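For reference, the chains in residue letters:
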Amino acid sequence: MRREIPLAITFVVGMTILMSYFFAGTIPGTAWNLKNLAGDITGWGVLVSAFAVLLASVNLVRIHGAAISRKRKGWYNSGILIATMVAFALVGILRKHNPANTGINDLFQNMFNNVLSPLGAAMFALLAFYIASASYRAFRARSLEASILLAAAVLVMLGRAPIGELMWGQFPVISKWLLDIPNMAGQRAIMIGAAIGGFATSMRILLGLERGHLGGE
Amino acid sequence: MNISGNLWIWFMGLGMLAIFSFIYKENPLYRLFEHIYVGAGAGYAIGINWGNIYDRGWVPLVEKGQYSVIIPIFLGLMLFTRFFKSVAWVSRWSMSFLVGIGTGTAIYGVVNSQLVAQVRATMINVIAKDTAGAILLPKTLNNIFLVVSVLSILLYFFFSVEQKGPVKTGATLGRWVMMVTFGVSFGNVVMGRISLLLGSLEDILGKWLGIL
Amino acid sequence: MNIFNKLQNIDRRVIYAILLVVLVIPLLRPIGIPLSVNETTKTIYNIIEDLDPATDVVLLSFDYSPGGSPDVHPQAVVIAEHLMRRGIKWVGVSFWDAGPMYAEQIMKYYEAQGAMYGVDFVNLGYMAGGETAIKNFGDNPRGAFSNDFRGNSIDSLPVMAGINNITDFAYTIDFVSGNPGFQEWVRQVQGPHGIKYGVGIVTVSVPQVMPFLQAGQVQGLLQGLRGAAEYEMLLGSPGAGAAKMDAQSMGHMVIILFILVGNVAFFMDKKKDKK
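Rules behind the numbers
- Within each chain, residue numbers correspond to sequence positions counted from 1 in written order.
- Key to labels: chains lettered from A, ligands numbered from 1, both in the order written.
- Thresholds applied to this predicted model are a pLDDT of at least 70 for local features of residues and 80 or more for the giving and counting of side-chain atom pairs; totals over whole chains, interfaces and linings are not thresholded and use all residues.
- The start and end points of each domain follow an automatic or database-based domain assignment.
- Each helix is a run of DSSP H or I of at least 4 residues and each strand a run of E of at least 2, with the numbering of both proceeding from the N terminus.
- Contacts are defined on C-beta atoms placed from the backbone: any two residues whose C-beta positions lie within 7 Å are in contact.
- A set of buried Ala, Val, Leu, Ile, Met, Phe, Trp, Tyr and Cys residues, joined to one another through C-beta atoms within 7 Å, is what we call a nonpolar core.
- Backbone-placed C-beta atoms define the burial measure: a residue is buried with 20 or more other C-beta atoms within 10 Å of its own, exposed with 12 or fewer, and partly exposed in between.
- For two strands to count as paired, DSSP must find a minimum of two bridges between them.
- Here the axes come from fitting lines to C-alpha atoms, over the contacting stretch only for helices, and the angles between their N-to-C directions go from 0 to 180 degrees.
- Roughly parallel means an angle under 35 degrees; roughly antiparallel means over 145; roughly perpendicular covers 65 to 115; every other angle is labelled oblique.
- For any pair of crossing helices, the crossing counts as left-handed if the nearer helix is rotated counterclockwise from the farther one by less than a right angle, and right-handed if it is rotated clockwise.
- Classification used: nonpolar for Ala, Val, Leu, Ile, Met, Phe, Trp, Tyr, Cys and Pro, charged for Asp, Glu, Lys and Arg, polar for all others including Gly.

It is worth spelling out the domain arrangement of chain C at this point. For chain C, the domain assignment lists domain 1 (3-27 + 247-274) and domain 2 (39-243). Taken over C-alpha atoms, the centre of domain 1 of chain C sits 39 Å from the centre of domain 2 of chain C.

Right, let's talk about the environment of leucine 19 of chain C for a bit. Mapped onto the elements, leucine 19 of chain C comes out in helix α2 (residues 12-28). In this structure, the C-alpha to C-alpha distance between leucine 19 of chain C and lysine 244 of chain C, residues 225 residues apart in sequence, is 15 Å. Setting aside residues no more than four positions away along its own chain, leucine 19 of chain C makes contact with Ala128, Phe129 and Ala132 of chain A together with Val254 of chain C.

Here the bond from asparagine 179 of chain C into proline 180 of chain C is cis, since omega is 0 degrees, no more than 30 degrees from zero. Note that proline 180 of chain C resides in the loop between β4 (171-176) and α8 (182-193). For lysine 71 of chain A, which is not glycine, the phi torsion reads 50 degrees and is therefore positive. Mapped onto the secondary structure, lysine 71 of chain A falls in the loop between α2 (34-69) and α3 (75-97).

Each partner contributes residues to the interface: chain A has 99 residues there, and chain B has 99 residues. Where the side of chain A that touches chain B is concerned, the elements lending two or more residues are α1 (4-20), α2, α3, α4 (102-137), α5 (144-160), α7 (171-180) and α8 (182-206) of chain A. Counting residues per element, the side of chain A that touches chain B draws most heavily on α2 of chain A, at 20 residues.

In this section: the nonpolar core. By size, the foremost hydrophobic cluster in this structure holds 192 residues, and its most contacted members are Leu119 and Met157 of chain A together with Val58 and Val209 of chain C. Of all the elements, helix α6 (residues 166-208) of chain B adds the most residues to this core, at 17 residues.

Turning to the sheet that holds strand β3 (residues 121-126) of chain C, a few remarks are in order. Residue and element names in this part refer to chain C. Taken in spatial order, the six strands of this open sheet run β3-β2-β1-β4-β5-β6, and their pairing is parallel. The two strands at the open ends of the sheet, each matched to only one other strand, are β3 and β6 (221-223). Each strand axis lies, on average, 15 degrees off the axis of its neighbour in the sheet, ignoring direction. Of the pairings in the sheet, the one linking β4 to strand β5 (residues 197-201) comprises five bridges and is parallel in character. The residue bridging threonine 172 from the neighbouring strand is tyrosine 197, located in β5. Against the sheet, α8 touches β4 and β5, its axis set at about 170 degrees to β5.

Let us look at the pairing of β4 of chain C. All names here are of chain C. Within β4, six of the six residues are buried, which leaves the element mostly enclosed by the surrounding structure. Covered by surrounding structure in β4 are Tyr171, Ile173 and Phe175 together with Thr172, Asp174 and Val176, the residues of both alternating faces. Sheet topology places strand β1 (residues 57-63) next to β4; six bridges connect them, and they run parallel. Directly across from serine 61, in β4, lies its bridge partner aspartate 174.

Packed helices, taken two at a time, are described by their axes: the angle between them and the distance between them. Interhelical geometry of α5 of chain A versus helix α12 (residues 245-274) of chain C gives an angle of 160 degrees and a closest axis separation of 9 Å. Regarding the angle of α5 of chain A to α12 of chain C, the classification is roughly antiparallel. For the pair α5 of chain A and α12 of chain C, the sense of crossing is left-handed. In this structure, α5 of chain A uses Leu150, Val154, Met157 and Leu158 of chain A to contact α12 of chain C, whose residues at the interface are His252, Ile255, Ile256 and Ile259 of chain C. Classifying every residue of the contact of α5 of chain A with α12 of chain C gives seven nonpolar, one polar and no charged.

In structure tokens:
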């Protein structure tokens, strides 16, 4: 039953949602409206997803709490992590329950604008350096296909930068053509293939043939 | 130079510099701000998601008497049983519920918007004409190239037929078109990463140091 | 070890330093390279220009994270500016948890200039659940939120008067940096309900939008930071986006140079080894 009930839940919930796209009215012999039922289920899904987001935070506390209690190397960083987490969580929850309190609102906005947002942006900005290094050291035109890839990349970069347009007026035209025609064809074909694969996988999950989401025993 | 006197801005500037110091060498300052960032992200997620739990769970149940909401609340709480080995199997019910919603929405959405709509958009009249009925050669050539490219890439991924003769020619064309696709993607990735770096540099040089 | 071999094995920190210098100099000393405007940017501009301030309400979805904000937030800022100039009311919603705070940043700026929250704009807040949430909101936008991000009842907000279905929004613009994003919006809202839907997206994901643009599922596209800069030019107010375009140009040129030098060094070194 540990596997059968979850599979049944997946099937019933999935079929209800799927059928609601095709049958708008009331189910004959019942007072149930599939669309309303699907709306309720997706609303419940939003609430369950909110709990799921908290899972990651709980896991972080477990891991870093263990690092602190066992005084592992760098345990003080784990302490700062948990302290920061508690600070943000507390202020966020206080903001929710005191929406008129400008002090708490401003504090939360400042914490977001000057801690979370810029540090997150800086983390992703590091990728620019790695792509520069990769462009120099790794991207080699070793074959015809690699040469086509690099040529397309260079033409797009020249076409999209204002300086490329200054160098030769046709660079933006070529870049636009590459984006609108071959790229679009490639993205569409890959999307069609992925859509067929996604449909097949979703059907397998719905019918209980795919059980990876259940995990091991 | 007009350096900001705001402590928050100073924290922002020093934090961003600490993150960027990683490109020189991994160091304790980078690790400190990395942990601050992870903690901030997790805490922010709790703070914001609490709103969803309160508005969609607590208020309907306690203030509006909508007892059906007990079901998703229980399903949500059941997710946390995965941390206890003896009852971890209980969390499968919640996962199955979410997966069921996901597959139900995905099947319709993917087939309607990504399969049917995209195939329909490929079934174009390849001969492009202007309002006077004259053939527009560049647009016509583009349309032919578009349809042939989509078909050749689909042929490349068609493994049920041995790829030789005309099938191999078509698949080879498909591979070349895909290389252009990946090249365009790479060009956009480079541009995107530089944009991200520029945003951070603007914060450091403008907001903090007041040089811009 | 010949010079080409040395070139190939150059310390990566030299590459990082060159990139930094090339980007910082144009930020400090802008060159003023002219910028042309893409058709996809003009589409969004024209749609907003054709809206009726007396009756039309626009939906802005803030679906980006701090990691994507340097690329996408300037787009949201400039679109909000256009809407405010035209006196068009707008509603903000988010399916990424950072979204509401970016919406608040923009709203607080206009409130400081005299705009009225609830009358000119409203921030519905964040809805967890990704594609499930987008479907739930698309099927019943009024029922999806009981309160907005600031704790006000939805029914008390003048902007939300008359908004009962997703089709009551004259135009929806989605600012996206990943999943859930435009594909989920097309699958669950644009497809089933046939809304007018535009996208502002990170540069990295621009190629993926093209099939939807050609199929008519997406009407209007802002392509990364450049899209924001182009829109600023259309509004006649160069801002954060336009200021970075010179540095963006230099960045592209230096990456192209790295690719060329790296390949020349590789092939010349290979040639020397063969000899």
